[in-house]
Amino acid sequence: MSAQPHANIKHHVHMSPRQAQHSSGDYDSSYPKEVRKYLKTYGLTPPAVEDFETQEKRCMALLEKKSSSIEKFIYLTQLRATHVHLFYRLLASHVKPSRRHHRDVSCVSLLWFAEADARPQELTPFIYTPTVGEACQKWSEIFTQPEGMYLNYWTDKGRISSVLQNWPHNVEITVITDGSRILGLGDLGINGMGIPVGKLALYTACAGIRPDATLPLCLDLGTNNKEFREDPLYLGTRKEKVSADEEREFLDELMAALTEKWPGIVIQYEDFKNPFPSLERYRDTYTMFNDDIQGTGAVILGGMVAAVKYSKIPVKDHRAIFLGSGSAGVGVAKQIVEFFIKEGLTEDEARRKFWLVDSKGLVTNDRGDKLAEHKEYFSRDDNNGKQIQSLSRLVDFVKPTIIMGLSTIGGAFSEDIIKKMAELNEYPIIFPLSNPSSKSECTFEEAVNGTDGKVLFASGSPFNDYTYNGKTLTPGQGNNMYVFPGIGLGAILSKAVCVSQEMIYASAIALSESLNEEEHAKGWLYPDIRRIREVSVLVTRGVIRAAQKSGVDRELAIRNLDDEELIQYIETRMYDPFKERDRVLTEVMHVMGDLATPDRSSFFPNGTNGHASAGASHL
Ligand SMILES: NC(=O)C1=CN([C@@H]2O[C@H](COP(=O)(O)OP(=O)(O)OC[C@H]3O[C@@H](n4cnc5c(N)ncnc54)[C@H](OP(=O)(O)O)[C@@H]3O)[C@@H](O)[C@H]2O)C=CC1
Ligand SMILES: CC(=O)C(=O)O
Ligand SMILES: [Mg+2]
């Protein structure tokens, strides 16, 4: 993220990776005439030099005119492709809840956005969950422009390195999917590209990684989605998914090619159907992590630390049922085991606090099938030969204090189950974490009604506020977006050779410690989302410190910084879309050999220095 050579200035400062083939990003109406002349857009852009408020007014009015979430998604996609810095300025100014209410301390949950259509002024739900799920389902219909790279097993195997040469920017971080498990929506093949695009937009918005340093990557390894293979509009290869061995060979080549082209690149795996083998294979040799296993584990641990405290039940007495034993289920359970061990339990005591359920029922040693390797650690041997098939009966048997949903089964936490949780616990911990909203194991309203408002709640996707007994309660969202931006930035800045488990655990603890006094006083599980940028800095610091402690860092220059200096170091390296125009202008003046102070009055006509009105949140 160092300054680019002047020769590259035009390319670097105005074109996102999404605009590499064209230069429409140069037509930002906020650019003053000096920049327009330099870019040779003078005369091609309408004469007015606009401040952000004016640009924002136009964009939001256009957005309001879109009648559905998917149309808003399409509009924002186009805006990112054509006016990348304006897109991020807009996003920064609209990562905030529209309403704040006092809440019952028992309803401590992450404040987040409501359903996409309910609060149109908030933008994240239109670029991320839940709308990104619909966008992926419809990707072949709505596709208009390339936003990342597609690598194809049949045509690119053996020549991945040369295909990567087509990407015109230096990359610091990539998010890769093969589309085989997109949110809880199943195998969507190359339509899954929406996920890397959305996650990387959050990397820029939350952790300030420059948009042109991000690479969304979608692997076309075939799809087992027959409907897609038969859809004339489907943009991927109409073949069934390759075998595990073929996938491994392709990934081996890809990992080597990415790291050779961009040494130090951070590689995030996302939404693979079976991501455990690749994590085991690459975690020690590449700077990579799996967000669904490790990021989700960290973010849920981050909220669980407070939930355990508010439940008033000592760690040793907690018992957890997990509906779903896939990447997220096992990832979250393992992180909580680590926490329980640090709280004084033995590993065996900690492991036995978990009852995992999959599509065949309770995961046990004796149920007669060959268990997937990742489930073995939690497999029960104390069921006395009984197979407990119904979730309701399992709740009777286990008497859990925690029930976690990572099953992709919308509505699986029935009224009966929620009520049982409330009978068993004063403050039941209920986390329906499956995405998007339609797959959530229960709604916020159901959880509040069934527990007399006492639920300790976090969901994967957003729900509306709900008024119960005269109090308006705000639901939470336990989503890995609270940690993955900081994990990625921490790995980049520390130049980590790998992403160690210590770094992942540190992200969870930094998140849990990021709540301010007011948030603690309100009994929240997670910090206010309006502080996401600040929180990401704290997570990044925790991750860097852990990289240093575990000896995987290579950035010697920051080893001796104290905590405050490290925060400053991180902040100065973060892209800020509000400062971009200033930065561009300074560089243009420098290139033109005129180091005199530029005329800022034409640059920021209203004297606001380009920022939104006072008090707005700036990512
Ligand atoms: N909130 C957040 O930040 C995150 C949320 N998620 C969400 O979690 C969900 C699961 O993701 P992930 O673990 O990666 O997916 P996986 O496909 O790896 O796992 C899904 C699990 O659910 C189980 N399952 C399926 N049907 C049932 C059923 N009827 N009853 C009980 N269990 C069932 C599967 O069983 P089997 O093993 O037998 O197939 C599997 O164990 C998704 O909706 C995803 O969007 C994921 C990551 C982050
Ligand atoms: C949030 C996320 O990573 C998922 O649902 O897969
Ligand atoms: Mg995911």
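For the structure itself, look to the data block above.
The structure displayed is predicted, hence computed values, not measured ones.

## A closer look at the sheet that holds strand β9 (residues 402-405)
Read from one edge of the open sheet, six strands run β8-β7-β6-β9-β10-β11, paired in mixed fashion. One side of each edge strand has no neighbouring strand; the edge strands of this open sheet are β8 (361-362) and β11 (456-457). Summarising the sheet, strand β10 (residues 429-432) and β11 pair through two bridges and their orientation is parallel. When the sheet's bridge partners are listed, Ile429 is paired in β11 with Leu456.

## A look at the pairing of strand β2 (residues 173-177)
Where burial is concerned, most of β2 is hidden: five out of the five residues are buried. What you see with β2 is no split at all: Ile173, Val175 and Thr177 on one side and Thr174 and Ile176 on the other are buried throughout. When β2 meets strand β3 (residues 214-220), the two strands line up parallel, connected through five bridges. Bridging from a neighbouring strand, Ile173 pairs with Thr214 of β3.

## Overview of the sheet that holds strand β4 (residues 266-269)
With parallel pairing, the five strands of this open sheet are ordered in space as β1-β3-β2-β4-β5. Of all strands in the sheet, those with a lone pairing partner are β1 (149-152) and β5 (288-290), marking the two edges. Averaged over all neighbouring strand pairs, the angle between strand axes comes to 25°, with direction disregarded. Where β2 lies against β4, four bridges are found, and the strand directions are parallel. From the neighbouring strand, Ile173 faces β4, where its bridge partner is Val266. Against the sheet, helix α15 (residues 291-311) contacts β4 and β5, and its axis sits at roughly 75° relative to β5. The strands touched by helix α22 (residues 484-494) within the sheet are β2, β4 and β5, with β4 carrying the most contacts at an inclination of about 155°.

## Things to note about the pairing of strand β6 (residues 320-323)
Where burial is concerned, the two faces of β6 agree: the one with Ala320 and Phe322 and the one with Ile321 and Leu323 are both buried. Relative to strand β7 (residues 354-358), β6 is paired through four bridges, and the arrangement is parallel. Within β7, the position partnered with Ala320 by the bridge is Phe354. Pairing of β6 with β9, which is carried by four bridges, proceeds in the parallel orientation. When the bridges of β9 are listed, Phe322 appears paired with Met404.

## Here we look at the nonpolar core
One finds Phe322, Met404 and Ile430 to be the most contacted residues of the largest nonpolar core, which totals 155 residues. Shared between two domains, this core holds at least three residues of each, these being domain 1 (1-93 + 578-619) and domain 2 (293-480). When near neighbours in sequence (up to four residues on either side) are disregarded, Met404 contacts Ala320, Phe322, Leu323, Val332, Phe431 and Leu433. Formed by seven residues, the second largest nonpolar core is a distinct cluster that contains Val35, Leu39, Val584 and Val588.

Calculation rules
- Residues numbered from 1 in each chain as written.
- Chains lettered and ligands numbered in written order.
- Predicted model: local features only at pLDDT ≥ 70, side-chain atom pairs only at ≥ 80, totals over all residues.
- Pairing = 2+ DSSP bridges.
- Helix = DSSP H or I, 4+ residues; strand = E, 2+ residues; numbered from the N terminus.
- Buried ≥ 20, exposed ≤ 12 C-beta atoms within 10 Å, placed from the backbone.
- Axes fitted to C-alpha atoms, helices over the stretch in contact; angles between N-to-C directions.
- Contact = placed C-beta atoms within 7 Å.
- Core = buried A, V, L, I, M, F, W, Y, C linked by C-beta atoms within 7 Å.
- Domains from an automatic or database assignment.

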